[in-house]
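Here are the chains, one letter per residue:
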Amino acid sequence: MLTFDAIVIGFGKAGKTIAGDLANKDWQVAMIEKDPNMYGGTCINIACIPTKMLVHDGMQNVPYGEAIERKDDVVDKLNEKNYKQLADHDNVTIFDSGATFRSDKEVAVETNGKKEILTAEHIFINTGAVSNIPPMEGDINSDKVYTSTTLINRKQLPKKLAIVGGGYIGLEYASMYRNFGSDVTVITPEEKLLSDEDSDIAEEIEKEFQNKGINIINGTKAEKIEENNEDDVTLTLSNNDQVTANAVLLATGRKPNTESLGLENTSIELTEDGAIKVGDNLETTTDNVWALGDVRGGFQFTYISLDDYRIVMSHLLGDKSYSLKTRENVPYTMFVEPPFSRVGLTKEEADKEGFEAAEGKMAVASHPRAHVLNDLRGLFKVVVDKQTDKILGASLFGPVSEELINLVKLAMDLDAPYTYLRDQMYNHPVMSESFNGLFAVED
Ligand SMILES: Cc1cc2nc3c(=O)[nH]c(=O)nc-3n(C[C@H](O)[C@H](O)[C@H](O)COP(=O)(O)OP(=O)(O)OC[C@H]3O[C@@H](n4cnc5c(N)ncnc54)[C@H](O)[C@@H]3O)c2cc1C
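This one's a predicted model, so the numbers in the text were calculated from it and none came from an experiment.

What counts and how
Residues numbered from 1 in each chain as written. Predicted model: local features only at pLDDT ≥ 70, side-chain atom pairs only at ≥ 80, totals over all residues. Heavy atoms only, no water. Helix = DSSP H or I, 4+ residues; strand = E, 2+ residues; numbered from the N terminus. Buried < 20%, exposed > 50% of the residue type's maximum accessible area, 1.4 Å probe, protein only. Domains from an automatic or database assignment. Patch = residues over 30% accessible without salt bridge, like charges linked within 9 Å, V, L, I, M, F, W, Y side chains within 5 Å. Areas by Shrake-Rupley, 256 points an atom, 1.4 Å probe, with all protein chains shown as cover. Salt bridge = Lys/Arg side-chain N within 4 Å of Asp/Glu carboxyl O. Near = heavy atom within 4 Å. Polar contact = N/O pair within 3.5 Å; in protein donor to acceptor, adjacent residues only side chain to side chain. Nonpolar A, V, L, I, M, F, W, Y, C, P; charged D, E, K, R; others polar. Core = buried A, V, L, I, M, F, W, Y, C linked by side-chain atoms within 4.5 Å. Contact = heavy atoms within 4.5 Å. Phe/Tyr/Trp six-rings, centres within 6.5 Å; stacked < 30°, edge-to-face > 60°. Pairing = 2+ DSSP bridges.

Draft legend 1. Up close: the environment of Gln424. Here Gln424 is to be found in the loop between helix H12 (418-422) and helix H13 (434-438). With a relative accessible area of 28%, Gln424 lands in the partly exposed category. The spacing of Gln424 and Asn436 is twelve residues in sequence and 7.0 Å in space, taken between C-alpha atoms.

As structure tokens, then:
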């Protein structure tokens, strides 16, 4: 049995950060990663970075093949850099293996045919999430059926792409593949796209999708896949319509990755949704075993995983003040064209929660910077509390919203009154000066 101070399972954002940090503090750390193609985790290898590179290149009219090559090149470099950062550390041992718990504090690995048991008082589970495969009849295992991971490894652009699922990943891929030139159809069971978002903004996004020529089939499920020939497959929908495509993307969510962890050998419990159950400090139901990132459920973002690391360190070696309870105002962006970003409440949500809410609204086309950028698409909305003057939320669909949203989050975190953003002096001409008008809310 090999004894360490800490075992980290999974090379994700939280895992690699905590491993490096503890190693710098002279802890002996074992990092276990089952797939060398995933050194550095999901974000840099198969998710945020490669997809946002493709989104960017699609908008710049770079041919698909060239964009895939550039993406592969950057991913290889990042993977290697991430590996070296830990592998070159004297206090870190990397095990290229799946990890399976034998008991609460014992983990089995197998490297080069050699089985070993590792033990440590502190164990950090950071095994991420995997694509949900929906129950569908027919040829679901066809090589023309893809997940978000496998589609971006396809070297040739699909002429016709059908996307099952209208969530964030489905819509980002729809916008991106349409920009590269695919005919894209999105099939979603929702009656309206993005029903959890502000309804004006959701309508605006759907309108832009239609303007781009993306075909959206709402209120319908894909129920059957049939392979027709070498080139295409046909999807049969719940309303009996059929869609034929050269590639089908299953974008029906991602579930916590716990399957091969052997948790049945431990006292670590799962939630009803199959995530690892944690307290507000991210400790599992077993002392000194912690779960971070997608595997513990909730928002699935890289910066949440990184922030989970901050929570754990606050409890492990800090003053224990930071927890899920004290985390505030999580922003997010859907990188469609133009991007949509959100933080806090929509007006509908604020009304339901009983706030005396007022709303600011601005068409992106009315803003000078939008003319400079030659991109007039989109709508910005903000919500404030008339009793306290606090900012309750923002939904920004338009150019540069992925940056602007962090300014609003910062103001919210600092409890700045909305008038602070309204009356601020901004440089010119930039998108943030839209806040002068946007926060001039109507009663
Ligand atoms: C297509 C797509 C686009 C996305 N875009 C964005 C974006 O733009 N911005 C954003 O913030 N988020 C984005 N996300 C979400 C983001 O990628 C994830 O939330 C984040 O990467 C999760 O990180 P993590 O720390 O939980 O673990 P991960 O980075 O998922 O790492 C888990 C690691 O554990 C390994 N592992 C699993 N099981 C075992 C085992 N038993 N033993 C050993 N190792 C194991 C895996 O191989 C993997 O390397 C996107 C996701 C997808 C799918």
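Back to the write-up after that little detour.
Draft legend 2. Seen up close, the domain arrangement of the protein. For the protein, the assigned domains read domain 1 (2-130 + 255-316), domain 2 (137-252) and domain 3 (332-438). Averaged C-alpha coordinates put domain 1 and domain 3 at centres separated by 34 Å.

Draft legend 3. Examining a nonpolar patch on the surface more closely. Together, Val372, Leu373 and Val400 make up a nonpolar patch on the protein surface, roughly 210 Å² of accessible area in all. Mapped onto the secondary structure, Leu373 falls in the loop between helix H10 (368-372) and strand E22 (379-385).

Draft legend 4. Highlighting the site of the ligand. As a matter of local geometry, the ligand sits amid 38 residues, with Glu33, Thr42, Lys52, Asp294 and Ser305 nearest to it. For the ligand, an oxygen atom lies 3.5 Å from a polar atom in the backbone of Gln300. Bound to the protein, the ligand loses 94% of the 1,000 Å² it would expose on its own. For the shell around the ligand, the secondary structure elements donating two or more residues are helix H1 (13-24), strand E2 (29-33), helix H2 (42-46), helix H3 (48-59), helix H6 (168-180) and helix H8 (302-316). Here the shell around the ligand is built from residues that sort into 15 nonpolar, 17 polar and six charged. Built from parts of two domains, the shell around the ligand gets at least three residues from each of domain 1 (2-130 + 255-316) and domain 2 (137-252).

Draft legend 5. Seen up close, the nonpolar core. Counting 35 residues, the largest nonpolar core has Ile163 and Tyr177 as its most contacted members. For this core, the secondary structure elements donating two or more residues are H3, helix H4 (64-87), strand E10 (160-164), H6, strand E11 (183-187), helix H7 (199-211), strand E16 (247-250) and strand E19 (332-334). Here this core gets six residues from one element, more than from any other, and that element is H6. Not counting residues up to four positions away in its chain, the partners in contact with Tyr177 are Tyr64, Leu151, Ile152, Leu157, Pro158, Leu161, Ser182 and Val184.

Draft legend 6. Main features of the packing of aromatic side chains. Applying the stated rule across the entire model yields 14 aromatic pairs. Seen from their ring centres, Phe4 and Phe95 are 6.0 Å apart, and the 90 degrees between their planes marks the pair as edge-to-face. Here Phe95 lies in strand E3 (residues 92-96) and Phe4 lies in strand E1 (residues 2-9), a separation of 91 residues in the sequence. Note on accessibility: Phe4 and Phe95 belong to one class, buried. Ring centres of Tyr426 and Phe435 lie 6.2 Å apart, and the angle between their planes is 80 degrees; this geometry places the pair in the edge-to-face category. Accessibility assignment for this pair places Tyr426 and Phe435 in one class, buried. The rings of Tyr168, Phe299, Phe301, Tyr303 and Tyr332 are connected pair by pair, giving a single aromatic cluster.

Draft legend 7. Molecular detail of the sheet that holds strand E8 (residues 137-138). The strand order across the open sheet formed by four strands is E8-E13-E14-E15, and the pairing between neighbours is mixed. The outermost strands of the open sheet, each flanked by one partner alone, are E8 and strand E15 (242-245). Strand direction decides the pairing type here: E8 and strand E13 (residues 222-227), joined by two bridges, are parallel. Looking at E13, one finds that Glu137 is bridged to Lys224.

Draft legend 8. Expanded view of the pattern of salt bridges. Per the counting criterion, the structure on display carries 32 salt bridges. Residue Lys25 pairs with Asp21 through a salt bridge whose shortest N-O separation is 3.7 Å. A salt bridge links Lys212 to Glu337; the nearest nitrogen and oxygen atoms lie 2.5 Å apart. With Lys212 in the loop between H7 and strand E12 (215-217) and Glu337 in the loop between E19 and strand E20 (340-344), this residue pair connects regions lying 125 residues apart in the sequence. Within this structure, Asp198, Asp200, Glu359, Lys361 and Lys381 form a network of salt bridges that share partners.

Draft legend 9. Molecular detail of unusual backbone geometry. A cis amide bond, omega -10 degrees, links Glu337 with the succeeding residue Pro338. Along the polypeptide, Pro338 turns up in the loop between E19 and E20. Cis peptide bonds are those with omega within 30 degrees of zero, and the linkage from His428 to Pro429 qualifies with -5 degrees. Looking at the element boundaries, Pro429 is found in the loop between H12 and H13. The residue Asn374 is not glycine, and still its phi comes out positive at about 55 degrees. Residue position: Asn374 is located in the loop between H10 and E22.

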